[in-house]
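# Residue-level structure breakdown
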Amino acid sequence: MRTAIVTGGAGSLGKAICRKLSSDGFTVYMTDISEEKCLEAIKEAGLEGLRVKKLDVTEEADWISVYRDVIEETGRVDAVVNNAGINIRYNIEECSVENWDRMFQINVRSVFLSIKHIIPIMKALGGGSIINISSVCGLVGHRYTNESYTAAKGAVTMLTKSVAARYGKFNIRCNSVHPSTVKSGQVNSFLADPERLRERIEEVPLGHLCAPEDVAAAVAFLASEEAAFLNGVQLPVDGGTVCD
C-alpha cells in the first residue's frame, strides 16, 4: 500500500487532504504540532484508519524522526504533502521583522526541511511525489493579501520548480497547488467581515470560494499515477482567479 505524509493535518484543509488520500488507498500519516491535536481532529471529523505523528515543521530533528519512523513502519514514502502554513495579516508597512521571519520559518523553511530529507529516501525508493501547498498569491501579487504571505508563497513556488528540474531524473516529481481563498477554519473569522467576504468572492469568476475538498482533489491527482508525467507544475485551484 502506498504511504503519504500530510503536514498541518489537523486543520480544515489538512483533514480534507488526509480524508481524500486515505479514500484513494494511501496509508496516511496526519502530522501536526502535537499528536493530541491530530487525534482530536480525527475524532471531530470522523476519520478512520489514519496514523499520527508529532511534527514541528520548523524543527529539522522532527523531520528526520518522522521520516525514519514512517520508513520503519511501512517501508516507503510515496507522497509528501507540505500543507502546514500560517498567515500573519499585516501589510508591509506594519509588519515587524519578527512576524516576517515567522512567516518564512513556517511557510518556507518547513518545505525546505521536508524536501531536503525526503529526497534521499525517494532516491533510494525509485521516486515519489512531493506536493507543496502554495497559493494564488504565489503566482501573482494580490491587493488584498499582505506582502509577507505573497513573498513566502512565491518562494514555495520557485522552490518547487527548482526541485522538479533537478530531481526529476530520479523519478521524483515536485508540484505545487495554488488555492484561492479557501473556506476553512483558518480564515472563517477573517471572512466574517462582509466586505472582505464580498471582495474574495467577486474576484473568483466561478462566483464562490474554494472548498477544502477542491484542494484535496487536486492533491490526490498529483499524488496519483495519472499525474506520472506532471513535474514542476503550478496547479491553480481558484475558480479562474488567475486565469489571465
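Residues numbered from 1 in each chain as written. Predicted model: local features only at pLDDT ≥ 70, side-chain atom pairs only at ≥ 80, totals over all residues. Heavy atoms only, no water.

The secondary structure content of the protein amounts to eight helices and seven strands. Its C-alpha atoms give the protein a radius of gyration of 17 Å, near enough to 18 Å, the size a compact globule of 244 residues would have. Seen along its three principal axes, the alpha-carbon backbone of the protein occupies a region of about 50 × 40 × 35 Å. By the burial criterion, 50% of the 244 residues in the protein qualify as buried. Across the protein, contacts joining residues at least 24 apart in sequence account for 69% of those joining residues at least 6 apart. Looking at charge distribution, the protein has the averaged site of its 26 positive side-chain charges lying 5 Å from that of its 31 negative ones. (Helix = DSSP H or I, 4+ residues; strand = E, 2+ residues; numbered from the N terminus. Rg over C-alpha atoms; globule rule 2.2 N^0.38 Å. Buried < 20%, exposed > 50% of the residue type's maximum accessible area, 1.4 Å probe, protein only. Contact = heavy atoms within 4.5 Å. Lys, Arg positive; Asp, Glu negative; His and termini not counted. Charge placed at Lys NZ, Arg CZ, Asp CG, Glu CD.)

Our focus in this paragraph is a negative patch on the surface. Together, Glu 35, Glu 36, Glu 40 and Glu 44 line one region of the surface with negative charge. Since its relative accessible area comes to 53%, Glu 36 is described here as exposed. (Patch = residues over 30% accessible without salt bridge, like charges linked within 9 Å, V, L, I, M, F, W, Y side chains within 5 Å. Areas by Shrake-Rupley, 256 points an atom, 1.4 Å probe, with all protein chains shown as cover. Salt bridge = Lys/Arg side-chain N within 4 Å of Asp/Glu carboxyl O.)

If you look at soluble globular proteins, the nonpolar side chains tend to sit buried side by side. Ranked by internal contacts, the top residues of the largest apolar core, which has 33 residues, are Ile 17, Leu 21, Val 177 and Val 215. Of the residues forming this core, the biggest block, seven residues, is contributed by helix H8 (residues 212-223). Apart from the residues within four sequence positions on either side, Ile 17 is in contact with Val 6, Val 81, Asn 83, Ile 133, Ala 216 and Val 219. Counting residues in each nonpolar core, the second largest holds 26 residues, with Val 70, Ile 118, Val 156 and Cys 174 among its members. (Core = buried A, V, L, I, M, F, W, Y, C linked by side-chain atoms within 4.5 Å.)

Right, let's talk about the pairing of strand S2 (residues 27-32) for a bit. Where burial is concerned, most of S2 is hidden: six out of the six residues are buried. Residues of S2 alternate between two faces, with Thr 27, Tyr 29 and Thr 31 on one and Val 28, Met 30 and Asp 32 on the opposite face, all of them buried. Both strand S1 (residues 3-6) and S2 contribute to a ladder of four bridges, which runs parallel. Paired with Thr 3 across the bridge in S2 is Thr 27. Between S1 and its parallel partner S2, the chain crosses via helix H1 (residues 12-23), and the hand of that crossover is right-handed. With four bridges connecting them, S2 and strand S3 (residues 51-54) associate as parallel partners. Bridge pairing in S3 links Tyr 29 to Arg 51. A crossover connection joins S2 to the parallel S3 through helix H2 (residues 35-45); in handedness this β-α-β unit is right-handed. (Pairing = 2+ DSSP bridges. Right-handed = clockwise from strand over helix to strand, strands pointing away.)

Let's shift gears to the confidence of the model for the protein. Looking at the protein as a whole, its pLDDT mean stands at 96, while 99% of the residues score no less than 70. No element of the protein has a lower mean pLDDT than helix H6 (residues 185-188), at 73, and none a higher one than strand S4 (residues 79-82), at 99. (pLDDT = per-residue confidence, 0-100.)

With 29 residues, helix H4 (residues 97-125) ought to run about 42 Å at 1.5 Å a step, and its terminal C-alpha atoms sit 41 Å apart, in line with that. Trailing H4 by a residue or two, Gly 126 shows a phi angle of about 90°, which is positive. (Expected span 1.5 Å × (residues − 1).)

Turning to the pattern of salt bridges, a few remarks are in order. Side-chain pairs of opposite charge can arise whenever the charged atoms involved come near each other. Evaluated as defined, the whole model comprises 11 salt bridges. The shortest N-O distance in the salt bridge between Glu 73 and Arg 51 comes to 4.0 Å. Here Glu 73, found in helix H3 (residues 60-74), pairs with Arg 51, found in strand S3; they are 22 residues apart in sequence, far enough to count as distant. Of the residues examined, Glu 73 reaches a relative accessible area of 41% and is grouped as partly exposed. In this structure, the salt-bridge partner of Glu 73 is Lys 53, at a minimum N-O distance of 2.8 Å.

Another point: the packing of H4 against helix H5 (residues 147-167). It is the contact of H4 with H5, at a shortest axis distance of 9 Å, that shows an interaxial angle of 15°. By the angle between their axes, H4 is roughly parallel relative to H5. Judged by the sense of rotation from one axis to the other, the crossing of H4 with H5 is right-handed. Contact residues: H4 offers Trp 100, Met 103, Phe 104, Asn 107, Val 108, Val 111, Phe 112, Ile 115, Ile 119 and Lys 123, while H5 offers Glu 147, Ser 148, Tyr 149, Ala 151, Ala 152, Ala 155, Val 156, Leu 159, Val 163 and Tyr 167. The residue inventory of the contact of H4 with H5, partitioned by class, reads 16 nonpolar, two polar and two charged. (Axes fitted to C-alpha atoms, helices over the stretch in contact; angles between N-to-C directions. Parallel < 35°, antiparallel > 145°, perpendicular 65-115°, else oblique. Left-handed = near helix turned anticlockwise from the far one by under 90°. Nonpolar A, V, L, I, M, F, W, Y, C, P; charged D, E, K, R; others polar.)

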